[in-house]
Amino acid sequence: MGLKGSARTKRTLLFFTISILVFAKALAVDGLEQEDDESELKSYHDPESEEEDLRLAARILAGASVHNEVSEPEEVNHQQQQPPQPEEVEGEEKEDLPEQPPPVLEKQKEITIVNGGTAHGEPCIFPFLFQGKEYPDCTTDGRGDGRLWCATTYDYDRDKKWGFCETDEQAQQRLQAEEVEEMYQNVLHMLNATTRKTQKKELYDKLMKVAEKGHQKATEKVAYALLFGDYMNQNVTKAKEMFEKLAVEGSPKAQMAMGFLYAAGLGVNSSQAKALVYYTFGALGGNLVAHMILGYRYWGGVGVPQSCESALTHYRLVANQVASDVSLTGGSAVQKIRLLEEVENPGSTSGMLEEDLIQYYQFLAEKGDVQAQVGLGQLHLHGGRGVEQNHQRAYDYFTQAANAGNPHAMAFLGKMYSEGSEFLPQNNETALDYFRKASDLGNAVGQSGLGMAYLYGRGVPVNYELALKYFQKAAEQGWVDGQLQLGTMYYNGIGVKRDYKQALKFFNLASQAGHILAFYNLAQMHATGTGVMRSCHTAVELFKNVCERGRWSERLMTAYRSFKEGETDAALVQYLLLAEQGYEVAQSNVAFILDQTEGAKIFSENETYPRALLHWTRAAAQGYTVARIKLGDYHFYGYGTDVDYETAVIHYRLASEQQNGAQAMFNLGYMHEKGLGIKQDIHLAKRFYDMAAEASPDAQVPVFLALCKLGLIYTLQYLQDLNLKEMVSQVDLDQLLGPEWDLYLMTVIALLLGTVIAYRQRQHQIIMPPRPPAPAPRPPQEQPPARAEGQVETPAPGGAREEEPPPQQQ
């Protein structure tokens, strides 16, 4: 018992001894760590080393290293200041702590040596003082070319010692980039200056060489030229390769183009998902065309869930930019030409002026015709109808008409001077002078110009009352600018009490004349619910109208010219891009080209009808009646889809209800007549045929033939229903005409035969009157008597009359 107790006591004492030793060891370790921490804190806050540490931190932020003479002692001190590592306690698990990053000084960068400047070859000093501000790194401040520089002494303002932050290799690269940029700008300037096609082809060849040197903008232009066939041979595959490379580099234009290629299936397998991704990246990069495409896709539910609010967001962003680009002169006109209507109506010119007619107007203008001068001036000022925009020619024509005293020409000269252009410098005083002359003669354009001058203080002090007065005078004469500016003043409460109803009234009046800013202002009101009930759908349609007036609308005429020149594939690709942007005219033109048997060769034959059906569907969804009829035809005949008479009837009925289309009504009449996709009903068929004849005079002949056929069918059906053979067998002629009915019939036939014989004999007994004898010929030796000058010879009876000369023009 005693031995056991003594053993237990020894074990207890040994345990306590070991515990005390472990606890003491731990206290010793903690003491060492605390001492090291205190020494580090003191050294970090040591006032003597604070300035040096701040300079070190500044050098680290600047990304440059210090001199070796300075860095080596600091590294030694740093190594000396490192605390000893605590010993591990036996049996104690070591906690896995995150590794501490190595000291920054161990990753010091190379010293930045300046290139050029006033201290070539010397190192940068950071921070340095420039215009009272310290810079911890190279900067572009004080330079207009964006090149980085630094000072080689602390105070640049005093020492003026500086250089560029670039190596010789970087400087060489920069010089090459500047050289390529200069080449690009020169080619671009020449492209904008010339209108000759052959010269533009040569310039695009030069642009290709610039693109091969890595210039991004040149590569973008060349890739689009290859895609559309603009002054270069069309090559979709090569364009795709260039766009892929540019898209990887982050070009928004290339990303939008890749989205278009995937959406249309050009050079790649069609993928709406990939197209949406590329369009989204292009829009995030600020590409307005990509925003416009996304707006149309969200509005129509093309490849994405339909969302009016998302469409409104994209369209509003584009419309803001388009509206800000609209000038006082209104910008260039947008010419929309439907290829289908031009083919079906060869006599129509789709609003295009023929070259002969333009030359005739030019001839009249040269002869002093004031109206011809004003008309040509407006054509060249805005462009369109086959005439290119040319401010110089517009100025010349307006000047001739203004010198002749035409107030309209004076007002337009005022607009040109007020706006300014590359040809004509902006001049408020001259513009004001022309506006006053035109306004004094009662011209609405001049009155509106004076109102703009007083509203914005162009050449005169701002005077809202006078501005309102002149705008009202112009609006009373129906001038669109006066109506628009009145609406703006009422909307913003400038010079008048704010009145949204009056603003809405004048914006509506201006929109009826097609003013782009009127559409924009109405869209803003409907989008925000200002003065009207908020309507997302109306706002989107109005914003879409504004977006379609952007500079990309010029592609419509480029595509049309390509089509007229026989370059069908080039025209098709251009129309396809415009169709992606939501242009209904482009969608119907794409479908028309694909619908032709000799259409584009860029797609295989089995693709043309399904693609045409897709674009007819999109055009019909935007309200184009002919496209709706085409959809009915495609489902009736099974083009690009299965034969479906019921669907064809639906499309024909929708088309007939939209615009009372004669073609749709005639087709409905035929389908009612035959019972195709609908119950056969001859009466309804006749009704639709009659409605088609009333809707269009051109339909009267086919309707007449169809009605004749329908009448014959109705008669045969009626006789078939009567069972004529049974009726004839039931008729008793003896009872109906009497027992001697055959004698009566023979007597009637004999009388008719006698009448015919008597008439024939009477015709043979008619004696024809004798023909007058021909006059005897004159002897050859006799000459006709000479007649006096100016005397007209009277022809002999029965002789040939000499032809009199035509009267001379007075």
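Here's a quick rundown of the structure.

**A word on helix H30 (residues 645–659)**
- Look at H30: 22 Å from first C-alpha to last across 15 residues, which is about the 21 Å you get at 1.5 Å a residue.
- All of the buried residues in H30 are Ala-648, Val-649, His-651, Tyr-652, Ala-655 and Ser-656. Buried residues along H30 cover an arc of 165° about the axis, so they all sit on one side.
- Against helix H29 (625–637) and helix H31 (662–674) lie the buried residues of H30.
- Sitting at the head of H30, Asp-644 places a side-chain oxygen 3.3 Å from the backbone nitrogen of Glu-646.
- Among the residues trailing H30, Asn-660 stands out with phi positive, at a value near 50°.

**Remarks on the state of the cysteines**
- According to the stated counting rule, one finds 3 disulfides in the structure shown.
- Disulfide partner of Cys-138: Cys-165, at an S-S distance of 2.1 Å. On the S-S bond that ties Cys-138 to Cys-165, the torsion sits near -90°, and the link is left-handed. Of this pair, Cys-138 sits in the loop between strand E2 (133–135) and strand E3 (149–151) while Cys-165 sits in the loop between strand E4 (162–164) and helix H5 (168–193); the two residues are 27 residues apart in sequence, bridging distant segments of the chain.

**Some words on the environment of Ala-223**
- By the secondary structure assignment, Ala-223 is in helix H7 (residues 216–228).
- Look at Ala-223 and you get buried, because its relative accessible area is 0%.
- Linking Ala-223 and Ala-239, residues 16 residues apart in sequence, is a C-alpha distance of 4.7 Å.
- Non-local contacts of Ala-223, meaning those with residues more than four positions away in its chain, are made with Ala-239, Met-242 and Phe-243.

**A word on the packing of H31 against helix H32 (residues 682–695)**
- Axis separation between H31 and H32 bottoms out at 8 Å; the angle between their running directions is 165°. Here H32 runs roughly antiparallel to H31, going by the angle between their axes. Pair H31 / H32 crosses with left-handed handedness. Residue-level inspection shows Ala-662, Met-665, Phe-666, Leu-668, Gly-669, Tyr-670, His-672 and Glu-673 of H31 in contact with H32, the latter providing Leu-684, Ala-685, Phe-688, Tyr-689, Met-691, Ala-692 and Ala-695.
- Residue composition of the contact of H31 with H32, by class: 12 nonpolar, 2 polar and 1 charged.

**A few points about helix H6 (residues 197–212)**
- If you check H6, its first and last C-alpha atoms are 23 Å apart, about what 16 residues at 1.5 Å a residue would give, namely 22 Å.
- Buried residues of H6: Lys-200, Leu-203, Tyr-204, Leu-207, Met-208, Val-210 and Ala-211, and no others. Buried residues of H6 fall within an arc of 160° about the axis and therefore sit on the same side. What points out from H6, more than 90 degrees from its buried face, is the exposed set Thr-198, Glu-202, Lys-209 and Glu-212.
- Buried residues along H6 sit in contact with H5, H7 and helix H8 (236–248).
- After H6 finishes, the residue Gly-214 shows a positive phi value of roughly 95°.

Definitions and limits used
- Residues numbered from 1 in each chain as written.
- Predicted model: local features only at pLDDT ≥ 70, side-chain atom pairs only at ≥ 80, totals over all residues.
- Heavy atoms only, no water.
- Helix = DSSP H or I, 4+ residues; strand = E, 2+ residues; numbered from the N terminus.
- Expected span 1.5 Å × (residues − 1).
- Buried < 20%, exposed > 50% of the residue type's maximum accessible area, 1.4 Å probe, protein only.
- Arc of directions from axis to C-beta.
- Contact = heavy atoms within 4.5 Å.
- Polar contact = N/O pair within 3.5 Å; in protein donor to acceptor, adjacent residues only side chain to side chain.
- Disulfide = S-S within 2.5 Å.
- Axes fitted to C-alpha atoms, helices over the stretch in contact; angles between N-to-C directions.
- Parallel < 35°, antiparallel > 145°, perpendicular 65-115°, else oblique.
- Left-handed = near helix turned anticlockwise from the far one by under 90°.
- Nonpolar A, V, L, I, M, F, W, Y, C, P; charged D, E, K, R; others polar.

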